[in-house]
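Okay, here's what each chain looks like letter by letter:
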Amino acid sequence: SGADILDDFGHDGLDDPLYEADLLFNLGTIHLSQNDPDEALRHLTKAIALYEGNLEDESPLADALLNKASCLFYLGRYDESAATHEEAIEIYRSFLEEGGESEPVS
């Protein structure tokens with residue numbers, strides 16, 4: 001888990017849920033790039049739970065949702081993937097309508 005990795009490096013970032021969310025997002029992205037969608041999905045789901053309600057700028061949440069949607073697609077869970085893509089798109093759309101710029105992570 002993200003907590004175990006932080007402990008291994010002697011970092012007490014668990015006081016900051018966004019730090020742990022970023023770590024879990026990165027782990028999920030690495031697993032996704034290594035064709036391990038099950039493990040990626042596990043990390044990304046935890047990251048999303050930590051991001052939700054804790055961000056002023058929701059683009060990291062949208063990035064995590066986009067990667068989660070890719071995991072679901074690779075796992076053959078197409079309806080869930082499509083719904084998760086739509087969720088990410090709505091966040092990006094809202095962000096851009098407010099005048100922000102976002103670069104999705106894939």
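The model shown is predicted, which means the values in this text are computed figures rather than measured ones.

A. Representation of unusual backbone geometry within the structure. A positive phi angle, close to 60°, is found at Asn35, a residue other than glycine. Here Asn35 lies in the loop between helix H2 (17-33) and helix H3 (37-51). For Asn35, a relative accessible area of 70% corresponds to the exposed category.

B. The arrangement of the pattern of salt bridges in detail. Scanning the model with the defined rule gives three salt bridges in all. Between Arg42 and Glu39 there is a salt bridge, with the nearest N and O atoms lying 2.4 Å from each other. Of this pair, Arg42 and Glu39 both sit in helix H3, separated by three residues, roughly a single helical turn. Using a relative accessible area of 36% as the deciding quantity, one classes Arg42 as partly exposed. Residue Glu39 is classed as partly exposed on the basis of its relative accessible area, which comes to 23%. As a salt-bridge pair, Glu90 and Arg93 come within 2.5 Å of each other at their nearest N and O atoms. On the criterion of helical spacing, the pair formed by Glu90 and Arg93 is a turn pair, its members being three residues apart in helix H5 (residues 78-97).

Conventions and cut-offs
- Residues numbered from 1 in each chain as written.
- Predicted model: local features only at pLDDT ≥ 70, side-chain atom pairs only at ≥ 80, totals over all residues.
- Heavy atoms only, no water.
- Helix = DSSP H or I, 4+ residues; strand = E, 2+ residues; numbered from the N terminus.
- Buried < 20%, exposed > 50% of the residue type's maximum accessible area, 1.4 Å probe, protein only.
- Salt bridge = Lys/Arg side-chain N within 4 Å of Asp/Glu carboxyl O.

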